[in-house]
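Single-letter residue listing:
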Amino acid sequence: MTEQYIEQEGRTTEEAMELALEKLSVSRDEVKVTVLSEGKKGLFFSKPAKVLVTLKEDPTSTPRGILKTILDEMEIESEIKSKVVDGNVHLTVSTPNAGLLIGRRGRTLNAIQHLLNCIVNRSSLVKRRVIVDAEQYRERREEILVSLAQKLASRVKATGQEVVVEPMNPQDRRIVHMALQDDKEVTTFSRGEGSFRSVVITAKNRKAQNAGK
């Protein structure tokens, strides 16, 4: 069971809570209730009561708990720290088996992250993005990709010829796009399908010329 919650209004807090329980199809002892507004009644104006009803979680069903289960099944010893940043859940893994967890160019780490997101959001009322990292791999990978993007952009400016970056996963492609989005001389777009989808870096005037053909 993944974390679920609902905000519900009613004439009273009790009515709001009952409506929320009905929508979630759960009993009172399965939830935590937070009163957001008691509501107001007046002769000319009334304000409904509002409650926040959150399903209680089994620790093993949280993103952190699910990831721990996955790593245990892979026989990867780990400690996991969790924090929420801008609505996204960030899970940082400390492990003596970092190479095994990360895989070649982060493929194993990305696969685990994709699986975890599918599990967490499968039945959740609120979709959340879960980011999994180990040994600051994602930070180091971003630095490498930004440097690569800038180097290739310089080549495009010098030669006038477009450059096709090797196929990348969506997360890596986004980093390249973002690294060059403010460059006044080059622009980027994606080409290809599936695992063969790549970022193309080209001079802005070249793209405009091609568009006019």
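Above this text you will find the structure in question.
Residues numbered from 1 in each chain as written. Predicted model: local features only at pLDDT ≥ 70, side-chain atom pairs only at ≥ 80, totals over all residues. Heavy atoms only, no water.

Re the nonpolar core
- One finds Leu67, Leu71, Val93, Leu101 and Leu116 to be the most contacted residues of the largest nonpolar core, which totals 20 residues.
- Only helix H2 (63-73), strand E5 (88-94), helix H3 (98-102), helix H4 (107-121) and strand E6 (130-134) provide two or more residues apiece to this core.
- Setting aside anything within four residues of it in sequence, one finds Val93 in contact with Leu67, Leu71, Ser78, Glu79, Ile80, Leu101, Val132, Asp133, Ala134 and Glu135. (Core = buried A, V, L, I, M, F, W, Y, C linked by side-chain atoms within 4.5 Å. Buried < 20%, exposed > 50% of the residue type's maximum accessible area, 1.4 Å probe, protein only. Helix = DSSP H or I, 4+ residues; strand = E, 2+ residues; numbered from the N terminus. Contact = heavy atoms within 4.5 Å.)

Observations regarding the pattern of salt bridges
- In the structure shown here, the tally under the stated rule is seven salt bridges.
- Where Lys50 meets Glu9, a salt bridge forms, and the shortest distance between an N and an O atom there is 3.9 Å. Remark: Glu9 occurs in strand E1 (residues 5-10) and Lys50 occurs in strand E3 (residues 49-55); sequence separation between them is 41 residues.
- We classify Lys50 as partly exposed; its relative accessible area is 27%.
- Note that Lys157 and Asp183 form a salt bridge whose closest N and O atoms lie 2.9 Å from each other. Taken together, the positions of Lys157 in helix H5 (residues 137-159) and Asp183 in the loop between helix H6 (170-180) and strand E8 (186-191) put the pair 26 residues apart, joining distant regions of the chain.
- Given a relative accessible area of 17%, Asp183 falls into the buried group. (Salt bridge = Lys/Arg side-chain N within 4 Å of Asp/Glu carboxyl O.)

Focus on H6
- By the burial criterion, the buried members of H6 are Asp172, Arg173, Ile175, Val176 and Leu180. Here the buried residues of H6 occupy an arc of 155° about the axis, which is enough to place them on one side. Every exposed residue of H6 that faces more than 90 degrees away from the buried side is listed here: Pro170 and Arg174.
- In the core, the buried residues of H6 are packed alongside H5, E8 and strand E9 (198-203).
- A side-chain oxygen of the first residue of H6 lies 3.1 Å from the backbone nitrogen of Gln171; this N-cap is Asn169. (Arc of directions from axis to C-beta. Polar contact = N/O pair within 3.5 Å; in protein donor to acceptor, adjacent residues only side chain to side chain.)

So, the environment of Leu116
- Looking at the element boundaries, Leu116 is found in helix H4.
- Among the residues examined, Leu116 registers a relative accessible area of 0% and is labelled buried.
- When the C-alpha atoms of Leu116 and Ile66 are compared, they prove to be 7.3 Å apart, with 50 residues separating the residues in sequence.
- Sequence-distant contacts of Leu116, that is, excluding residues within four places in its chain, are made with Pro63, Ile66, Leu67, Leu91, Val130 and Val132.

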